[in-house]
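Next come the chains, spelled out residue by residue.
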Amino acid sequence: MKIDPLYILPNFFTGASIYLGVLSMAYAYSGRFELACWLVLLSLIFDGLDGRIARLTGTTSKFGVEFDSLADVVAFGVAPAMILFFYVGHYYGKFGAVVSGLYVVFGAIRLARFNVTTTQNEPNVFIGLPIPSAAVFIVSWLLFEMSIAQDYSKYSSMLLMVLLISSLVVGLLMVSNIRYPSFKKMSFERVSFGKVIVLLMLVLAVLFMYPTYTIVVLMSAYVLFGPIRAFYYLICKKRC
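Conventions adopted
Residues numbered from 1 in each chain as written. Predicted model: local features only at pLDDT ≥ 70, side-chain atom pairs only at ≥ 80, totals over all residues. Heavy atoms only, no water. UniProt positions renumbered as here; feature names shortened; annotations may be inferred. Helix = DSSP H or I, 4+ residues; strand = E, 2+ residues; numbered from the N terminus. Contact = heavy atoms within 4.5 Å. Core = buried A, V, L, I, M, F, W, Y, C linked by side-chain atoms within 4.5 Å. Buried < 20%, exposed > 50% of the residue type's maximum accessible area, 1.4 Å probe, protein only. Axes fitted to C-alpha atoms, helices over the stretch in contact; angles between N-to-C directions. Parallel < 35°, antiparallel > 145°, perpendicular 65-115°, else oblique. Nonpolar A, V, L, I, M, F, W, Y, C, P; charged D, E, K, R; others polar. Phe/Tyr/Trp six-rings, centres within 6.5 Å; stacked < 30°, edge-to-face > 60°. pLDDT = per-residue confidence, 0-100.

The protein chain is annotated in an unreviewed UniProt entry as CDP-diacylglycerol--serine O-phosphatidyltransferase from Helicobacter valdiviensis. Taken directly from UniProt, the Catalytic activity (unreviewed entry) text for the protein chain runs: "a CDP-1,2-diacyl-sn-glycerol + L-serine = a 1,2-diacyl-sn-glycero-3-phospho-L-serine + CMP + H(+)".

Dropping the structure here:
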């Protein structure tokens with residue numbers, strides 16, 4: 001059976017995402033936590049490219065969808081959980097192991113639910129926090145803690161404990177029914193192209209100068225958006 005070479009391209013990026021996730025775990029085990037976190041963030045880029053390339057080249061397939069989900073479990077489920085455990089979780093014994101384990105289980109449930117409830121069309125919203133967003137939230141906060149650990153050592157242990165609890169909360173958000181915006185179907189028809197470019201350049205400039213802080217702020221805002229939006233609609237519904 002002849003295989004179209006174009007089908008290899010998106011799956012190559014998916015495979016690269018898995019490889020970077022495994023590599024990040026290896027570096028975390030050896031104590032190179034900062035590099036491990038950045039590898040997870042790099043894996044996010046490959047994860048974003050595979051689906052877009054598949055759609056652009058018309059090479060979407062059921063195999064690609066399943067392969068992508070397996071890649072997400074490794075790169076954004078197991079990898080950040082292991083980094084979290086090796087960096088801070090093992091200091092808290094069974095609690096740290098439980099948090100890391102539950103995060104992976106909840107992430108797998110999130111992906112399985114997405115696969116069985118989503119058609120081939122991209123969703124307008126996500127039901128539950130997407131696992132890549134959860135992973136970026138965890139590793140970006142770890143990078144933030146590493147950047148301030150020396151100057152603010154007395155707050156470091158407190159921040160790590162908060163991060164461990166937050167990771168459990170993030171895991172619960174993945175399996176919740178809270179809706180999160182999907183940017184895959186954003187329409188820019190009513191938005192000025194010039195304004196978009198200016199805003200994008202400003203974001204990229206800030207990201208270049210303060211990469212860790214920028215990612216932390218953006219991802220924290222996205223994670224909090226879901227619960228705040230749900231609470232707002234709940235209050236409005238009761239008052240109406």
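Peer 1: With reference to specific residues and values, describe the environment of Met25.
Peer 2: Summarising the element assignment, Met25 is placed in helix α1 (residues 8–29). Separated by 15 residues in the primary sequence, Met25 and Val40 place their C-alpha atoms 9.3 Å from one another. Dropping the residues within four chain positions of it, Met25 is found in contact with Val74, Val78, Ala79, Met82 and Phe86.

Peer 1: An account of the nonpolar core is requested, with residue identities and associated values reported.
Peer 2: Formed by 43 residues in total, the largest nonpolar core has its most connected members in Ile83, Leu84, Tyr103, Leu129, Leu142 and Tyr180. For this core, the secondary-structure elements that each account for two or more residues are α1, α2 (33–57), α3 (62–87), α4 (94–117), α5 (131–148), α6 (153–174) and α8 (211–239). Looking at which element gives the most residues to this core, the answer is α5, with nine residues. The residues contacting Tyr180, other than those within four sequence positions of it, are Val125, Phe126, Gly128, Leu129, Pro130, Leu173, Tyr222, Val223, Gly226 and Pro227.

Peer 1: Quick one: what's the story with the packing of α1 against α2, residue by residue and with numbers?
Peer 2: Helix-helix packing: each pair is described by the crossing angle between the helix axes and the interaxial distance. One way to put it is that α1 packs onto α2 with a least axis distance of 8 Å and a crossing angle of 170°. In terms of axis orientation, α1 runs roughly antiparallel to α2. Tallied by class, the residues present in the contact of α1 with α2 amount to 18 nonpolar, four polar and two charged.

Peer 1: Give a detailed account of the UniProt feature "transmembrane region" (unreviewed entry) in the protein chain, specifying residues and quantitative values.
Peer 2: UniProt feature "transmembrane region" (unreviewed entry): in the numbering of this structure it lies at residues 7–27, 124–144, 156–180, 192–210 and 216–235. Taken end to end, residues 124–144 comprises 67% helix and 14% strand; its first and last C-alpha atoms sit 31 Å apart. A distance of 28 Å separates the end C-alpha atoms of residues 216–235, which is 100% helix and 0% strand.

Peer 1: So, the packing of aromatic side chains: which residues are in play, and what are the values?
Peer 2: By the definition in use, this model includes 13 aromatic pairs. Considering the side-chain rings of Phe13 and Phe46, the 5.7 Å spacing of their centres and the 35° angle between planes classify their relative orientation as tilted. Taken as a pair, Phe13 in helix α1 and Phe46 in helix α2 lie far apart in primary sequence, 33 residues in all. By way of ring pairs, the aromatic residues Phe137, Trp141, Phe144, Tyr210 and Tyr213 are connected into one cluster.

Peer 1: Tell me about the confidence of the model for the protein chain, and name the residues and values.
Peer 2: With 88% of its residues at a pLDDT of 70 or more, the protein chain has an overall mean of 85. The lowest-confidence element of the protein chain is helix α7 (residues 193–209), averaging 80 in pLDDT; the highest-confidence one is α5, averaging 94.

Peer 1: So what's going on with the side chain of Glu145? Which residues, and what values?
Peer 2: Residue position: Glu145 is located in helix α5. With near-sequence residues (within four places) excluded, Glu145 lies in contact with Tyr87, Ser156, Leu159 and Leu160.

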